[in-house]
Amino acid sequence: MTVAPETGLTEPEIIERAVALRPALLARQAETERLTHYPEDTHDDFLRAGFYRILQPRRYGGHEFGLPVFYRVVVEIARGCPSTGWALSLTAAHVLQACTVFDEKAQDELFGADGDFRAASTVAPVGIAQPDGPDHVILDGTWPYSSGAPYSTHYLGQTLRAGTPVLFVAPRSAWKVLDDWRGSLGLRGTGSNSIRMDQARVPTHFTCETSLLDLPVEGGSAGSKLHGNPMYAGRAPSFFHGELAAVMIGTAYAAADEYARIVAARPLLLEPGRTRADLHDYQRHLGEALGVVHLAEAALRQTAEDWMEACRRNVSGEAPFTVVEDNRLALMFLNAGRMAWDVLQGILFRTAGSRHARDGERMQRYFRDAATYWTHVGPSMYEPLVRRVGCDTLGLPSEHIALIP
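Below you will find a few notes about this structure.

**So, the pairing of strand E3 (residues 136-146)**
And then number 1: As judged from the five bridges shared by strand E2 (residues 128-132) and E3, these two strands associate in the antiparallel manner. Of the residues in E3, the one forming a bridge with Asp132 is His136.
And then number 2: Here E2 folds back onto E3, and the loop between the two strands holds three residues, one of which, Gly133, carries a positive phi near 75 degrees.
And then number 3: Strand direction decides the pairing type here: E3 and strand E7 (residues 193-203), joined by eight bridges, are antiparallel. Within E7, the residue paired with Thr142 across the bridge is Arg196.

This is the structure in structure tokens:
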């Protein structure tokens, strides 16, 4: 399916499109898990809605909306289906890094005439890169956990060249998706397959000697100059933590929706004319959970605004977007996701009842998805991040504290 770039779309309109898709996404949850990625109908819905183009530059047929809008859409999609929200986010997000780092020649070629660009990625450097003459590089390796790979048009990956980190973009023709995303506890429909490159040949200008954990953005970037937008001169780690927090918050909202349905439909054993919704305890459980999730979403939105402001100040010369600022923002996002996880597992899942922990129950699915999020490399950065922020505040060096073991 091919959808031409849309002009004139507003931020409220694209958020409303995400809200309107919730019933369809709810109905497709089981199929999404069975397929291990969201179905073609959902992909077509996303193409028509313009979700893949939210962060994409207008120069290449995108909407060029900011992080607050992107995260709000992700929250709404995850509220309909957490796996789908995860896959959409981790496919539509990497255009931001591609348009930050690579030069005009590379971007013109990557986006082509129609601007069709969706890129899976993974955080760890994998495989090797070897020069093939002055103009090309040979890539070889298997990149695991590449969420959204089944519908991606490109791959934004990291590898090593003579021990030096290399960031690259490879078109879909250069790699294949392996059928190995099965057997996970949760997030079963995220399409987090491995991708394989066997002596893939890509242009040298599709590579850059840098890492996603330390993009060269201070004072501006190739992308901020090309597009005239400071959003394309931001650090990536905090941005990635915001993505995961948005998915987790959407999942917690989904669990709260399901909880409200459950208690309203469950008659009391001794008073069948009443339901659990009439009992103070269940009213309190739901209200307490929603209070925390609303707070987490408020933190997500404000931190997204702070990230955009850090980009603006970076490009204007007022203050560089430093690793210290990145650490602070990343920890804010991570805490927002952690708050959502805490109430999902500690209140909503715990008090919904054992019958809703069975296979096929949405509450069980939400718990599995959230628990799998909690094992992800992002939340595992909590301890090093809090130490980094502590050291930053004390004026001590912190960059030696590894975020990934």
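And the narrative resumes.
**Describing the nonpolar core**
And then number 1: Ranked by size, the top nonpolar core spans 98 residues in total, and within it Phe51 and Phe239 carry the most contacts.
And then number 2: Filtering out sequence-adjacent residues up to four positions away, Phe51 remains in contact with Ile14, Arg17, Ala18, Leu21, Phe46, Val73, Ile77, Leu88 and Ala92.
And then number 3: The next biggest cluster of nonpolar side chains, apart from the first, holds 16 residues, and it includes Ala120, Ala174, Ile195 and Met197.

**Structural notes on the packing of helix H12 (residues 323-352) against helix H13 (residues 362-374)**
And then number 1: The N-to-C vectors of H12 and H13 enclose an angle of 145 degrees; their axes lie 10 Å apart at closest approach. Helix-helix and strand crossings are classified by hand; for H12 and H13 the assignment is left-handed. Here Leu334, Gly337, Arg338, Trp341, Leu344, Gln345, Leu348, Phe349 and Ala352 of H12 lie close against H13, whose contacting residues are Met363, Gln364, Tyr366, Phe367, Ala370, Ala371, Tyr373 and Trp374.
And then number 2: Counted by class, the contact of H12 with H13 contains 13 nonpolar, three polar and one charged residues.

**So, the pattern of salt bridges**
Any two side chains of opposite charge can pair, on the condition that their charged atoms come close.
And then number 1: Summed over all chains, the structure comprises 26 salt bridges.
And then number 2: The partner of Arg48 in a salt bridge is Asp45, and the shortest N-O contact between them spans 2.8 Å. Here Arg48 pairs with Asp45, and both are found in helix H4 (residues 40-49), just three residues apart, close to one helical turn.
And then number 3: On the accessibility criterion, Asp45 (16% relative accessible area) is buried.
And then number 4: One salt bridge connects Glu64 with Arg58, and the closest N-O pair in it is separated by 3.7 Å.
And then number 5: Classification of Arg58 by relative accessible area gives exposed; the value is 54%.

The rules we used
Residues numbered from 1 in each chain as written. Predicted model: local features only at pLDDT ≥ 70, side-chain atom pairs only at ≥ 80, totals over all residues. Heavy atoms only, no water. Pairing = 2+ DSSP bridges. Helix = DSSP H or I, 4+ residues; strand = E, 2+ residues; numbered from the N terminus. Core = buried A, V, L, I, M, F, W, Y, C linked by side-chain atoms within 4.5 Å. Buried < 20%, exposed > 50% of the residue type's maximum accessible area, 1.4 Å probe, protein only. Contact = heavy atoms within 4.5 Å. Axes fitted to C-alpha atoms, helices over the stretch in contact; angles between N-to-C directions. Left-handed = near helix turned anticlockwise from the far one by under 90°. Nonpolar A, V, L, I, M, F, W, Y, C, P; charged D, E, K, R; others polar. Salt bridge = Lys/Arg side-chain N within 4 Å of Asp/Glu carboxyl O.

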